[in-house]
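Structural characterization, general
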Amino acid sequence: MSLTSLPVVEIAGSPRERGRQYGEQARERIHRALAYYAEAFAHSSGLAWPQVTQRAARWVEPSKAFAPDLVEEMEGIAEGAGVEFLDIVALNARGEIIYDTTFNSMEPDGCTSFALLEQASGDGHVYAGQNWDWRAGVADTVMVLRVVQPGKPTVIMHVEAGQVGRQGANSAGIALNANGLGGRFDDAIGVPQTLIRRRVLDSADLNSALEALTRSRAHIASNALVTHRAGFAIDLETTPGAVGWMYPTDGLLVHGNHYQAFMPPQLAATYRPGSADSLFRVPRAEGGLRAVRHASGSDEARKLIRHAMSDHLGYPESLCTHPDESQPPVKQWATLLSSCVDLTTGDYLIAAGTPCDHEYERVPWNLYDGPHGEETL
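Keep in mind that what you see is a predicted model, and the values were worked out from it rather than measured.

Cut-off values and rules
- Residues numbered from 1 in each chain as written.
- Predicted model: local features only at pLDDT ≥ 70, side-chain atom pairs only at ≥ 80, totals over all residues.
- Heavy atoms only, no water.
- Helix = DSSP H or I, 4+ residues; strand = E, 2+ residues; numbered from the N terminus.
- Rg over C-alpha atoms; globule rule 2.2 N^0.38 Å.
- Buried < 20%, exposed > 50% of the residue type's maximum accessible area, 1.4 Å probe, protein only.
- Areas by Shrake-Rupley, 256 points an atom, 1.4 Å probe, with all protein chains shown as cover.
- Core = buried A, V, L, I, M, F, W, Y, C linked by side-chain atoms within 4.5 Å.
- Contact = heavy atoms within 4.5 Å.
- Pairing = 2+ DSSP bridges.

**Here's the deal with the overall build of the chain**
Helices and strands together make up the secondary structure of the chain, namely 12 helices and 15 strands. Its C-alpha atoms give the chain a radius of gyration of 19 Å, within 12% of the compact-globule value 21 Å for 377 residues. Judged by the C-alpha coordinates and their principal axes, the chain covers about 55 × 50 × 40 Å. Evaluated residue by residue, the chain yields a buried proportion of 59% over its 377 residues. Of the roughly 13,700 Å² that the chain leaves accessible, carbon and sulfur atoms contribute 50%.

This is how it looks when you write it as structure tokens:
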């Protein structure tokens, strides 16, 4: 199966079985991801890839303590893709390694996330989505992953090949959209974001999803916008220390890459946003998405969402981000993917690239399809 130029992969079974299936089906894209990050680390920090994987080893034990099943899944990915286990750990902890090296000149993922509840959507549906902005060089590693796992909700995510978690939604009606946040904290080793985010999406209920964020000790600061199909959304700004939160206003919640709910005390005296464009991306998205409440139906609502997320103020570093040709290719940014998940109907929509240039398309599965087509609600 394929989604325009974006591959889709389905995995099922035990953690190791799922991992092997993943690695085998995404082998080529995983090798591309490893090649890109080897080039990027060498360009920005002078580290050779073996030095990167040596650093990645620091996150093995914290990962095992937090989610041993996901570590087993990563071991299976390595086996299926024909690479080393620490290669896969490095892909899953790439943000944490960036944070801990001179590669930290690379800003956190630049994303703009949103939740639209019934009163704000025009068609009475609940929507969650985002523009996922990251290095343009990983565009050909992006894929859609469906995970069927015994005893847990079925998960659909869009990820970089080799990663066990990023952003998506599950058959319990819970969606997660995540954004990088900046700031330096202490040097204690914490859990990689990919594992925390997957644990949110593994959750069968809202309380468990929020506990995955509030009870874990992340290594880096990251924003999590959690939306539930029942018409609830909350944004959590998580750090290795305190956690801040905020709720929708008139059914709309938008978050970028700067602190909006609170200012961590460790950063209060010196904080400066790592992504200056976040300061205008957020209000531009809010303004565009307010128009959705006047939609006459779902088709119009989705068109208005895509239009809002295609905004070009500040181009190329805009809400819809395009590569800056003045930068070396290895450092260029782009909106890799724009997502729009209808938690009411279960439609998982993706524009595989910049939303101004790509229409939203449905992935091959409905969010609420069970392993054999039955509903898992």
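**Description of the nonpolar core**
Counting residues in hydrophobic clusters, the biggest one holds 88 residues, and the most contacted among them are I30, L145 and L343. Among the elements that take part in this core, helix α2 (residues 27–45) stands out by supplying 7 residues, more than any other. Excluding residues within four positions of it along the chain, I30 makes contact with G23, I77, A81, I88, L91, A161 and G162. Grouped together as the second largest cluster of nonpolar side chains are 20 residues, A285, L289, I305 and Y360 included.

**Side note on the pairing of strand β10 (residues 232–238)**
Along β10, 6 of the 7 residues are buried, which leaves the element largely enclosed by surrounding structure. As defined by bridge partners, strand β9 (residues 222–228) adjoins β10 across 7 bridges and the pair is classed as antiparallel. Counterpart to H228 in the pairing with β10 is F232. Here β9 folds back onto β10, and the loop between the two strands holds 3 residues, one of which, G231, carries a positive phi near 100°.

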